[in-house]
Amino acid sequence: MKGRGKGPDPARPKSTDRRELKALEAAREKARRQPPADRPPIAALPFAELVAATNFSFLRGASHASDMVTRAISLGLTGLGIADRNTVAGVVRAHVARKRWPEQMRAALLEARKEAGQPLKLSKEEERACQTDLRLVVGTRLVFADGTPDIVAYPATRRGWGELTKLLTVGNLRSVKGDCILTYEDLTAYLDDLLLIVLPYSTATEQTAHRRPVAYDYDDRPSREAIRQGHLSLVPPPPPADLEALLDRLNRLVPGRLWLGAALRRDGRDARRLARFKGLSASTGVPLLATMDALYATPTQRPLQDVLGCIREGTTIARAGRVLEANAERHIHSAAEMAHLFRACPEAVAESVAFLTHVHFTLDQLAYEYPHEPVPEGWTAQQWLEELTLSAAHARYGPRIPRKVRELLNEEFGLIAKRNYAAYFLTVHDIVAFARMKGILCQGRGSAANSMVCFLLGVTSVDPRKHDLLFSRFVSEERSEPPDIDVDFEHERREEVMQYIYERYGRHRAGIAATVIHYRSRSAVREAAKVLGLSEDVSARLSSTVWGSYSGDMGDARITEAGFDLDNPQIVQLRAILDQLLREPFPRHLSQHVGGFVLTQNRLDETVPLHHAAMEDRSFIEWDKDDIDALGLMKVDVLALGMLSCIRRAFNLMREQGLGDHQLTVDLEAQDGAVYDMLCKGDSIGVFQVESRAQINMLPRLKPRTLYDLTIQVAIVRPGPIEGDMVHPYLRRRCGEEKVTYPSPAPEHGPKDELKAILDKTKGVPLFQEQAMRLAIVAARFSDVEANKLRRAMATFRNVGTIHHFREKMVRGMVARGYEAEFAQRCFKQIEGFGSYGFPESHALSFARLVYVSAWIKCHQPAVFACALLNSQPMGFYAPAQIVRDAREHGVTVHDADVNMSGWDNSLEPLLRSRDGRRGEGVGRALALRLGLRQVDGFREEWAKQLVEARREGLFASIEDVARRAGLPARALRLLADADACRSLGQDRRAALWEARRTPSDELPLFAAAKARELGEEPDAMLPAMALSQQVATDYAVTRLSLKGHPMQFLRPVFAAEGVLSCAETAAAKNGMRVKTAGVVLVRQRPGKGNAIFITIEDETGITNILLWARLFERQRRPVMASRLMLVEGEVQRSKEGVVHLMATQVHDRSAEMSRLAEGLADGTGQIRHPHTARHPRNVRILPQSRDFH
Amino acid sequence: MRLATLDADALALGLTPGMTLADARAREPDLRVFDADPHADQDWLERLCDGSARYTPVAALDSPFGLILDISGCAHLWGGEDALAREAADRLERHGMRVRHALAGTAEGAHALCRFPVGAAADEDAALRRLPAEALQLGEESAVALRRAGLRTVGDLAARPAAVLAARFGEEAVDALHALLGLGRRPLAPRRPRPAIRIERRFAEPMGSTAFALKTLTEMAAEAGERLGERGQGGRRFEVVFFRSDGLAFPLRVETSLPVRDAPAIMRLVQERIDALSDPLDPGFGFDMLRLTVPQAEPMAPTQLALEGGEARREESVAALVDRLSIRAGRARIQRLEPRDSHIPEQAQLALPAVESRPPASWPQRQETGDPPMRPLHLFDPPQPIEVVAQVPDGPPHRFRWRRALHEVTRYEGPERIAPEWWTAKDGRLEGKSVGEGTSAGLTRDYYRVEDARGRRYWIFRHGLYGTEAVHPGWFIHGLFA
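Not measured: the values here are computed from a predicted model.

Turning to the overall build of chain B, a few remarks are in order. Check the secondary structure of chain B and you find 13 helices and 14 strands. Since a compact globule built from 482 residues should have a radius of gyration of about 23 Å, the 35 Å found for chain B marks it as more spread out than a globular shape. By principal-axis analysis of the C-alpha atoms, chain B measures approximately 100 × 80 × 45 Å. Looking at chain B as a whole, 43% of its 482 residues are labelled buried. When the accessible area of chain B is evaluated, it comes to approximately 25,900 Å², of which 52% is carbon and sulfur surface. If you average the places of the 64 positive and of the 70 negative side-chain charges in chain B, the two averages end up 3 Å apart.

Printed below as a string of structure tokens:
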């Protein structure tokens, strides 16, 4: 202690004893109660916290950006600097929070006034409270991999921002996802217009370098040589040895733009540390800047920060020890506190405010320029867009463009010109044109996709003229948001499109948007519970039963029911931590968006840093959808859709088979009655969007006859309309059981039929997102801004907790205008439903077209459809067995996979002789479906290629022949034999397998030359014949389907003896009849709120749909969840459209019967054995796994 | 996560080993699950195997869940084979285990019959032939292939020519088949527990001299050291018993903190122990037997001998000192501090008996060179309350009264703020309640290193943050610097 403390106070009395001490204490107490007026207020000093992290410093920062901003404002700070570790991912949120703060504060004050019953007008003081002059500066905390102390960098200008993002991009692209590897040398290359605050320590952790960094041009970066020899020659590459050297060097590089951040920790050495910093500052001439290196807004976030730290270090709270901070001091301090802490160095606090005057940059300056790319020389984007559109219009309508189209176009052109969106439309057109050229199917959707421009350019296939979709409704001038066009591509070829975009715009100008992955309830429970030292067992139970679906209001009752003690300290802690993690979405890491491209005219990396994506050859930017919106960047969504791949396959097959050349053309007329007839029967297995159980049930009720009916069909079976109870009213009105009425406002509030204009198309029932929005605007008098907020709340996927803010406003607004409260409630309920799965009309229309196209193929070319669908697996709801079964029911002949006939894919072959003498349905030649080897579990595509290649020389004669000529390994041979694909070699499964097992796979050179038969004759093993039941069971085990029969047919005698009906008999049963039926479980679903469980079972005669109420389910959980073969007792319920459900009362697990089948129930011995040992379920598998919920 | 094993109730519910935990929970939300601990299972099985020595000396492990006992020639002692089997099973079941057992002519046969019950059969051979083909344990792939071929039982296989089977399932399949049917024989690797080293010396005439007895003991220690060396072990505990011809016995016990097999070292400790006896070793009419046992031994790598004049390794010499002192003063009296990772000063180290604990790998180094120490040499346990005059709210102390003496603070450094460990709060709350109430996890402490007018340095702290945690924070002295 070298005289750091102070000497004895001369004012204090020298002789002291207890009495004096007490007197002194009393005097101080008095002084405390009555603060003397002459003591100068310490708070006079202004202060700006310039080193503040948000929770985008993943697993370090414990507060949201908005919390940091709010805290800084409420403490009355002059400025706040947001700097996360090597990222700027969180700064947009801070920026938005700062901008919206006055508005939010005002809203909160008004809310408080309303609750207190005061007039809804703010007083002067309150108005003043809503004002703040907090300066927000944004930057990054640079953490170096080479041991250089952390440096916080703030751009002084727009140019500085570009330098910073380029610097981060360099670091990001060097390392694997999420990391950023920077060295001191990198910093020296990007220093222009950056303000640097050097912190006296490094918080670097080990990082891993990327094996294959993305090819990226560094053209504007000074070369290494330049750094060594040029103006930076005084700075040799290795990092400076100590703080002083670093300051010296940087000070020479950026004179006047360098500070030393003096962060105090209250660890007992602050005075000593501050003195050292002062010395350094004096010797180097770098000013000191006071900061607390804040990790959270208020001390109460320390526990959360500790928990995050433990997650980061992979330890538990009890073991973490000094990994954690010793105290809760790393929050934002007030100016008074800082003045007190830095009383030995007040100039450091003043310097923090002086710093702000150097910053001339805000995120608002990120003027964004969309690429000018697809515009030829001499044209403006707008001219070119109009030219393209008009020529397309002439091509379509001839020289005279219809008046309505012309009007629409003029309106749209005006809007596009005003908002300067022409280039955006051209980009989308360019991408779509590329896809067309490559023969990649694509289709646009999204709000802007409803435009005539998009329709004429071929981006979308929905004619806005026919469907009365007004473009201006969605790209309104008030909504200063960029237009939204999503384009779906074939999922297997989307990568080509993405790479085209990268190529066309360059990797430095195109990037995929990020998606912020937030803590979801399960992950949060698991990780937090682990940190708090709860066992894996407990945390699994917690996440599955109690907090699996966190809804913000974890009832005490639910926790007690699950067997947890509410007073248990760990449970209390866990609840508190989870509450903080889940109340607002807490970011966990960055990931890439599914396909949202951000394109720029200038270098993208001068606007935002780029990252590696997990997938090769992709890079993404650090900002997510909301950030991009907030800054007015535009993005093009390049999405993948499996059904387009399937349709492409079907078109290709039809071309190969001479069934015509089809295109997903824009003017495809959707008027084929046969297609609608098929759909009305509910015959839609495999058809896009309408193949689910609920959709199939809805089809016969809705009886679609037009494309718009299909649009409604697609949109109606959705949680939104279902939870809003809109489905039944719509159905009743549609079939004329109920009069179509439009609720109207009180006469003094507006025209009687104001809702008719909105709801006419859907018979007075709001079914689409747009209608709900319009309803809010028209009926509840939402302003455009409010409606837009509502839309955002709806659009944010499962963003629980934001949408209900609008409830009262909407209901009140509607009731005030004379609507019935009940109707208003119902409307809002539906909007709430959209919150989880919104479905706008424009999307539904686009999807409806695909529904029609896929249904058309199924209807007219069932063999083609089944083949394309099978080759597109996994896709849709159904397993191959159901697809094949459905095809056969449509008269398609299906052949087994065979070593001499099949390739990898399923294929079509001319039908020689139809099974029942009937020719295949449809036009042209009759086709049969030949199963491909892809249906064989575990078989590889390359083996199939070898097989097909070898077959060119002639058909195979024996298994040995296959092995030698195709060069297949033993495993491939065994799989072929086991799949019973050797019948054309004259061997059934058992014989083939027996032979295959002894066939050596590796070609022996000696015999290969001689082409001689290598394997000698051997004594007959006299294997027992394989019974049909076993064949079927094995078919299912190996290929997941059997053409030989259905497992249930062999068990029929057993069940028939018990009085069990077949599925066909059940389907024919009278309404209300009590029956028993049994079958193999295909699907178990628990949709929506989970009131009911839907189970589909199948036997040799058909399927039965079972509905089980949740309360019955809880009682019979095990049989329901465990059964592969289920026996159900229940009551038949037949709707008037003929849809049959079995309302289950009792479920029995009869899976044991299946084991009997596998063991050979009917192979002559008659002996039934029950396996005593528990084998691995995989090996007793007879049936494919059903598709279940958990 | 998958289920490893299940109890009978769970099996009855239709759950199977290998099923994923998520699947099982979907069926049985209330399933009780415990982490599998294969090491503990193995350990337990080994102990059971060792315990089986009561039935036969030839007992082998059949991991993971089985034991194989060769009871040839032992059964009559228990009244026949069945009686022996019943006795063994009953015995294990009394300890809460579930037992399945089978008797067969070969180990493989017994193994298979035990796991695949086939019911009553005419004779052993018939029973074996009725076993399912899986009993051969050829692996899943072969088992499936056999099922596909329609060969379901061992009998089916045995009826086919061996060459045909060997071509498809390998020689090992035929070997396994033959072993099961008793046609070939595989040796059993019995597990015998390694007995503790025990060395005895009997004397023809009682030994009247303690010194001579100790000399003999030295030889015995050397022999013990040699035998430990063969095992690659060193002793952690040595027991010596001096048997006197009149029937009295003097047992002595020494423990070491590191494994030892060096005879002089052992003898040094024994000597210490003898010297420390309150009642000296009295040969009386003479010792007629000495016994040295090593009940506790640990692996010990062979060490390079020090070259002549070379220094003994430091660690070893400290260990030897610790051993000697512990013997002299009692094992709990010599303690060693172990670092514990905590901010709370009094919890930053643990005192453990030195003989039991190893020297810590390293102590945290957190000081910058040249700075005075952050922590005092001596900590008071518990901290002692003092009266302090200090600035509010969080100013440094000006003077304090400790043990009735008033100390004027001339210099101070601080505060070092150490917050309580919130996770230890009994009520689980993360934050403090209102002022004065405090949290059950404790209060924040502000530590100051202070120097009084006479140059003595103290470590004192304010208990609780003024205004937020406590109305009148108390002060304590927690330690003394040099």
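Here we come to the nonpolar core. Residue and element names in this part refer to chain A. Formed by 115 residues in total, the largest nonpolar core has its most connected members in Val864, Phe939, Leu947, Val962, Leu968 and Leu976. Here this core takes 11 residues from helix H37 (residues 841-860), the largest share from any one element. Counting residues in hydrophobic clusters, the runner-up holds 78 residues, among them Leu80, Cys180, Leu196 and Leu288.

Now for the pairing of strand S11 (residues 405-418) of chain B. Two faces, one strand: in a regular strand the side chains alternate between the faces of the sheet. Residues and elements named next belong to chain B. Across the 14 residues of S11, 11 count as buried, placing the element largely inside the fold. Sheet analysis places strand S10 (residues 397-402) next to S11, joined by four bridges and oriented antiparallel. Considered in S11, the bridge of arginine 399 is made with glutamate 408. Connecting the antiparallel pair S10 and S11 is a turn made up of two residues, with arginine 403 showing a positive phi of about 50°. The pairing of S11 with strand S12 (residues 445-452) spans seven bridges and is antiparallel. Within S12, the residue paired with tyrosine 412 across the bridge is valine 450.

This part takes up the packing of aromatic side chains. In total, this model carries 25 aromatic pairs over all chains according to the counting rule given. With a centroid separation of 6.2 Å and an interplanar angle of 50°, the aromatic rings of A:Tyr519 and A:Phe586 are classed as tilted. Of the two residues, A:Tyr519 sits in the loop between strand S10 (510-518) and helix H21 (521-531) while A:Phe586 sits in the loop between helix H24 (569-583) and strand S11 (587-599), which places them 67 residues apart along the sequence. Accessibility expressed as a relative area gives 2% for A:Phe586, which makes it buried. A network of ring pairs unites the aromatic residues B:Phe380, B:Phe400, B:Trp402 and B:Tyr458 as a single cluster. Looking at A:Arg588, its charged tip hangs above the ring of A:Tyr519, at a distance of 5.3 Å from the centre. Here the basic side chain of B:Arg445 rests over the ring of B:Phe461, its NZ or CZ set 5.1 Å away from the ring centre.

Attention shifts here to a negative patch on the surface. Negative charge collects at one region of the surface, where A:Glu536, B:Asp35, B:Asp37 and B:Asp41 lie side by side. With respect to the helices and strands, the residue A:Glu536 is situated in helix H22 (residues 536-546). Given a relative accessible area of 32%, A:Glu536 falls into the partly exposed group.

Let us look at the state of the cysteines. Inspection of the entire model under this criterion finds zero disulfides over all chains. A:Cys859 carries a free sulfur, and the closest cysteine sulfur to it, the one in A:Cys680, is 11 Å from it. Taking the relative accessible area as the measure of exposure, A:Cys859 reaches 16% and is therefore buried. The thiol of B:Cys114 is unpaired, and the distance to the nearest cysteine sulfur, on B:Cys49, comes to 15 Å.

Before going further, it helps to examine the sheet that holds strand S21 (residues 1125-1134) of chain A. Residue and element names in this part refer to chain A. Around the barrel, five strands lie side by side as S18-S19-S20-S22-S21; this closed barrel has mixed pairing. Ignoring strand direction, the axes of neighbouring strands in this sheet form an average angle of 55°. When strand S20 (residues 1102-1109) meets strand S22 (residues 1140-1149), the two strands line up parallel, connected through two bridges. Within S22, the residue paired with isoleucine 1106 across the bridge is leucine 1142.

All names here are of chain B. The geometry of helix H11 (residues 210-231) relative to helix H12 (residues 263-276) is characterised by a closest axis approach of 9 Å and an angle of 140° between their N-to-C directions. In terms of orientation, H11 lies oblique with respect to H12. Here H11 runs over H12; the crossing is right-handed. Between H11, through Leu214, Leu217, Thr218, Ala221 and Ala222, and H12, the contact on the second element is made entirely by Ala263, Ile266, Met267, Val270, Gln271 and Ile274. A per-class count over the contact of H11 with H12 returns nine nonpolar, two polar and no charged.

Here the focus is the sheet that holds strand S13 (residues 619-624) of chain A. Residues and elements named next belong to chain A. Spatially, seven strands are ordered S8-S9-S14-S11-S10-S13-S12 in an open sheet, and the strand pairing comes out mixed. Each edge of the sheet is formed by a strand with only one pairing partner; in this case those strands are strand S8 (442-445) and strand S12 (610-612). Direction aside, neighbouring strands of the sheet carry axes that sit 45° apart on average. Bridge analysis of S8 against strand S9 (residues 486-490) gives four bridges, and the strand direction is antiparallel. Directly across from cysteine 442, in S9, lies its bridge partner phenylalanine 489.

Another point: the side chain of A:Arg141. Residue and element names in this part refer to chain A. Within the fold, arginine 141 resides in strand S3 (residues 135-142). A distance of 2.9 Å separates polar atoms of two side chains, one belonging to arginine 141 and the other to aspartate 150. A polar atom in the side chain of arginine 141 sits 2.8 Å from the side chain of aspartate 293. Beyond its immediate stretch of four places on either side in the chain, arginine 141 contacts Val51, Ala83, Asp84, Arg85, Asn86, Asp150, Ile151, Val152, Leu199, Tyr201, Thr203 and Asp293.

This part takes up the domain arrangement of chain B. Bring the parts together and some accessible area is lost; that lost area is often taken as the interface size. Under the domain assignment used here, chain B contains domain 1 (8-36), domain 2 (41-181), domain 3 (197-302 + 311-326) and domain 4 (378-480). On a C-alpha basis, the centres of domain 3 of chain B and domain 4 of chain B stand 53 Å from each other.

Here the focus is the pattern of salt bridges. Considering all chains together, one arrives at 76 salt bridges over all chains under this definition. Between A:Asp150 and A:Arg141 there is a salt bridge; the shortest N-O distance is 2.9 Å. Judged by relative accessible area, A:Asp150 falls into the buried class, the value being 0%. Judged by its relative accessible area of 6%, A:Arg141 falls in the buried class. Put simply, B:Glu272 and B:Arg324 hold a salt bridge, and the shortest N to O gap is 3.4 Å. Taken together, the positions of B:Glu272 in helix H12 and B:Arg324 in helix H13 (residues 314-329) put the pair 52 residues apart, joining distant regions of the chain.

Attention now moves to helix H27 (residues 673-680) of chain A. Residues and elements named next belong to chain A. Looking at H27, one finds that the buried residues are Val675, Tyr676, Met678, Leu679 and Cys680. If you follow the buried residues of H27, they end up packed against helix H28 (693-702), helix H29 (707-716) and H37. A positive backbone phi angle near 80° is found at glycine 682, which sits one or two residues after H27.

On to the environment of A:Val453. All names here are of chain A. Along the chain, valine 453 turns up in helix H17 (residues 452-457). When the C-alpha atoms of valine 453 and leucine 385 are compared, they prove to be 8.7 Å apart, with 68 residues separating the residues in sequence. When neighbours within four sequence positions are excluded, valine 453 is seen to be in contact with Leu385, Thr389, Leu409, Glu412, Phe413, Ile416 and Phe425.

Definitions and limits used
Residues numbered from 1 in each chain as written. Chains lettered and ligands numbered in written order. Predicted model: local features only at pLDDT ≥ 70, side-chain atom pairs only at ≥ 80, totals over all residues. Heavy atoms only, no water. Helix = DSSP H or I, 4+ residues; strand = E, 2+ residues; numbered from the N terminus. Rg over C-alpha atoms; globule rule 2.2 N^0.38 Å. Buried < 20%, exposed > 50% of the residue type's maximum accessible area, 1.4 Å probe, protein only. Areas by Shrake-Rupley, 256 points an atom, 1.4 Å probe, with all protein chains shown as cover. Lys, Arg positive; Asp, Glu negative; His and termini not counted. Charge placed at Lys NZ, Arg CZ, Asp CG, Glu CD. Core = buried A, V, L, I, M, F, W, Y, C linked by side-chain atoms within 4.5 Å. Pairing = 2+ DSSP bridges. Phe/Tyr/Trp six-rings, centres within 6.5 Å; stacked < 30°, edge-to-face > 60°. Lys NZ or Arg CZ within 6 Å of the ring centre and 35° of its normal. Patch = residues over 30% accessible without salt bridge, like charges linked within 9 Å, V, L, I, M, F, W, Y side chains within 5 Å. Salt bridge = Lys/Arg side-chain N within 4 Å of Asp/Glu carboxyl O. Disulfide = S-S within 2.5 Å. Axes fitted to C-alpha atoms, helices over the stretch in contact; angles between N-to-C directions. Parallel < 35°, antiparallel > 145°, perpendicular 65-115°, else oblique. Left-handed = near helix turned anticlockwise from the far one by under 90°. Contact = heavy atoms within 4.5 Å. Nonpolar A, V, L, I, M, F, W, Y, C, P; charged D, E, K, R; others polar. Polar contact = N/O pair within 3.5 Å; in protein donor to acceptor, adjacent residues only side chain to side chain. Domains from an automatic or database assignment.

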